[in-house]
Amino acid sequence: MTIARPITFTTPDGITLAGMLREPDDVTRRAAIVLTGPFTGVKEQVVAIYAEGLARRGYVTLAFDHRNFGASGGHPRQHEDSAGKLADLSAAVTCVAAHADVDPERVGLIGICLGAGYALKSAAFDPRVRALVTVAGAYNSPQAMRAGMGLDAYRDTLRELTVKEQATSDGQPMMLPAVRDGAGEAAMPGAEPFDYYGTDRGAVPGWRNEVTYGSIRQLLTFDAAVGADFLAVTPARIIHGTRDEYCSPTAAQEVFDRIDGVRDLMWIDTTNHIDLYDRPRYVEPAIEACADWFDDHLVQATTAH
């Protein structure tokens, strides 16, 4: 059994974030896991499944809404703020490290999908994070995006987004749908994202099907993959699906190869990216792999930083 309770905490720049803290009936490990999840995601979706699974295995877990999304503060709403999300993760680590049942030397991070890149970079530059697991990760790299699109197309896209991210006549930023059923512009185009966010699978009150155009520019210019070069002694496990058309298995391998330290790469035989969001056949092995990694690197040993 686990106990879940809503909490709030504040970032250094004064934004109040809403989270869900889960605790086992008997906290045996005295370790805590902070979770961050997919693009536009909120705490009741993907991260809730992983947070509950790890709490049942004895960990204190914190899933929360990043700034500008869900029940958390911040403006503009529905805007991806890459630097701000890193600040949010730092504040979340501070929050769980202060918990009475948690050893502050035993705090880990899990990042899922887009959150994997944020967790990677956060762990690389926050020595308080003692172990990291990423799942179905998107490891944003402007260099890779430029190479894939071509320099001219990359620059043209940035130019178009810079125009579109300007405020409308009522002072609100321009928005586009996060997902769309069928043809048309969306931040996450195609049937697969809609199959999760546009259906009962991902339908929760706190999620909204819109995002700022400026969010896309943030993703095109944010370098998360660089975190692999700075993890140092922080043990990292990468869990990825063998078939994933949205977050490249090749990119996961490349990030793994850049890590110079204790590392592990685990493949799960998936059919698509969102298998690792909520399908028990795929999620349960992933949660077990997360727990095993944290058992080894948070519970049985405290890494010297």
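Look above for the structure.
In this text the structure is predicted, and so the values were computed from the model without any measurement.

What counts as what
- Residues numbered from 1 in each chain as written.
- Predicted model: local features only at pLDDT ≥ 70, side-chain atom pairs only at ≥ 80, totals over all residues.
- Heavy atoms only, no water.
- Helix = DSSP H or I, 4+ residues; strand = E, 2+ residues; numbered from the N terminus.
- Contact = heavy atoms within 4.5 Å.
- Areas by Shrake-Rupley, 256 points an atom, 1.4 Å probe, with all protein chains shown as cover.
- Lys, Arg positive; Asp, Glu negative; His and termini not counted.
- Charge placed at Lys NZ, Arg CZ, Asp CG, Glu CD.
- Buried < 20%, exposed > 50% of the residue type's maximum accessible area, 1.4 Å probe, protein only.
- Pairing = 2+ DSSP bridges.
- Right-handed = clockwise from strand over helix to strand, strands pointing away.
- Salt bridge = Lys/Arg side-chain N within 4 Å of Asp/Glu carboxyl O.
- Axes fitted to C-alpha atoms, helices over the stretch in contact; angles between N-to-C directions.
- Parallel < 35°, antiparallel > 145°, perpendicular 65-115°, else oblique.
- Left-handed = near helix turned anticlockwise from the far one by under 90°.
- Nonpolar A, V, L, I, M, F, W, Y, C, P; charged D, E, K, R; others polar.
- Arc of directions from axis to C-beta.
- Polar contact = N/O pair within 3.5 Å; in protein donor to acceptor, adjacent residues only side chain to side chain.

## A few points about the overall build of the chain
Phase 1 of the analysis: On a plain count of helices and strands, the chain comes out with ten helices and ten strands.
Phase 2 of the analysis: Expressed as a percentage of contacts within the chain between residues at least 6 apart in sequence, the contacts between residues at least 24 apart total 72%.
Phase 3 of the analysis: In the structure as shown, the chain presents an accessible area of about 12,600 Å², 51% of it carried by carbon and sulfur atoms.
Phase 4 of the analysis: Side chains of the chain give 28 positive and 41 negative charges; the mean places of these two sets differ by 2 Å.

## Things to note about the pairing of strand E5 (residues 107-112)
Phase 1 of the analysis: Burial within E5 is extensive, with six of its six residues counted as buried.
Phase 2 of the analysis: Note: strand E3 (residues 32-36) against E5, five bridges, orientation parallel. Across the sheet, the residue bridging to Val34 is Leu109, located in E5.
Phase 3 of the analysis: Where E5 lies against strand E6 (residues 129-135), six bridges are found, and the strand directions are parallel. Residue pairing across strands places Ile112 opposite Val135, the latter belonging to E6.
Phase 4 of the analysis: Note that the unit made of E5, helix H3 (residues 115-125) and E6 has a crossover that is right-handed.

## A few points about the pattern of salt bridges
Phase 1 of the analysis: Evaluated as defined, the whole model comprises 21 salt bridges.
Phase 2 of the analysis: Note that Arg106 is salt-bridged to Asp103, the shortest N-O span being 3.7 Å.
Phase 3 of the analysis: One salt bridge in this structure joins Glu245 and Arg243, with 3.7 Å as the shortest N-O distance.
Phase 4 of the analysis: Within the structure, one salt-bridge network assembled from shared partners comprises Asp13, Arg67 and Asp88.

## Observations regarding the pairing of E6
Phase 1 of the analysis: In terms of burial, E6 is a largely internal element, seven of the seven residues being buried.
Phase 2 of the analysis: With four bridges joining them, E6 and strand E9 (residues 236-241) adopt parallel strand pairing. Bridge assignment links Thr134 to a residue of E9, and that residue is Ile238.

## Details of the side chain of Glu80
Phase 1 of the analysis: Note that Glu80 resides in the loop between strand E4 (60-64) and helix H2 (82-97).
Phase 2 of the analysis: For Glu80, a relative accessible area of 0% puts it in the buried group.
Phase 3 of the analysis: In contact with Glu80, other than residues within four places in its own chain, are Phe39, Phe69, Lys85, Leu114, Tyr118, Thr212, Ser215, Gln218 and Leu219.

## Topic: the packing of helix H5 (residues 151-164) against helix H7 (residues 213-221)
Phase 1 of the analysis: Two elements in contact, H5 and H7, have axes whose closest approach is 8 Å; the angle formed by their N-to-C orientations is 150°. With respect to H7, the axis of H5 lies roughly antiparallel. Handedness of the crossing formed by H5 with H7: left-handed. Contacts between H5 and H7 involve Tyr154, Thr157, Leu158, Leu161, Thr162 and Lys164 from the first element and Tyr213, Ile216, Arg217, Leu220 and Thr221 from the second.
Phase 2 of the analysis: Residues of the contact of H5 with H7, tallied by class, amount to six nonpolar, three polar and two charged.

## What about helix H8 (residues 249-258)?
In an α-helix, one turn spans 3.6 residues, which is why side chains three or four residues apart end up on the same side.
Phase 1 of the analysis: Those residues of H8 not exposed but buried are Pro249, Ala252, Val255 and Phe256. What you see down the axis of H8 is that its buried residues fit within an arc of 120°, all on one side.
Phase 2 of the analysis: Looking at the buried residues of H8, the elements they touch are H3, E9 and strand E10 (263-268).
Phase 3 of the analysis: Here H8 starts with a cap whose side-chain oxygen sits 3.0 Å from the backbone nitrogen of Thr250, and that cap is Ser248.

## Brief notes about the packing of helix H4 (residues 142-149) against H5
Phase 1 of the analysis: Closest axis-to-axis distance for the H4/H5 pair is 6 Å, and the angle between their directions is 115°. As the angle between them shows, H4 and H5 are arranged roughly perpendicular. Our pair here, H4 against H5, has a crossing hand that is right-handed. Between H4 and H5, the residues in contact are Pro142, Met145, Arg146 and Met149 and Leu151, Ala153, Tyr154 and Thr157, respectively.
Phase 2 of the analysis: Grouping the constituent residues of the contact of H4 with H5 by class yields six nonpolar, one polar and one charged.

Everything listed here is a matter of coordinates, which is why it stays silent on function.
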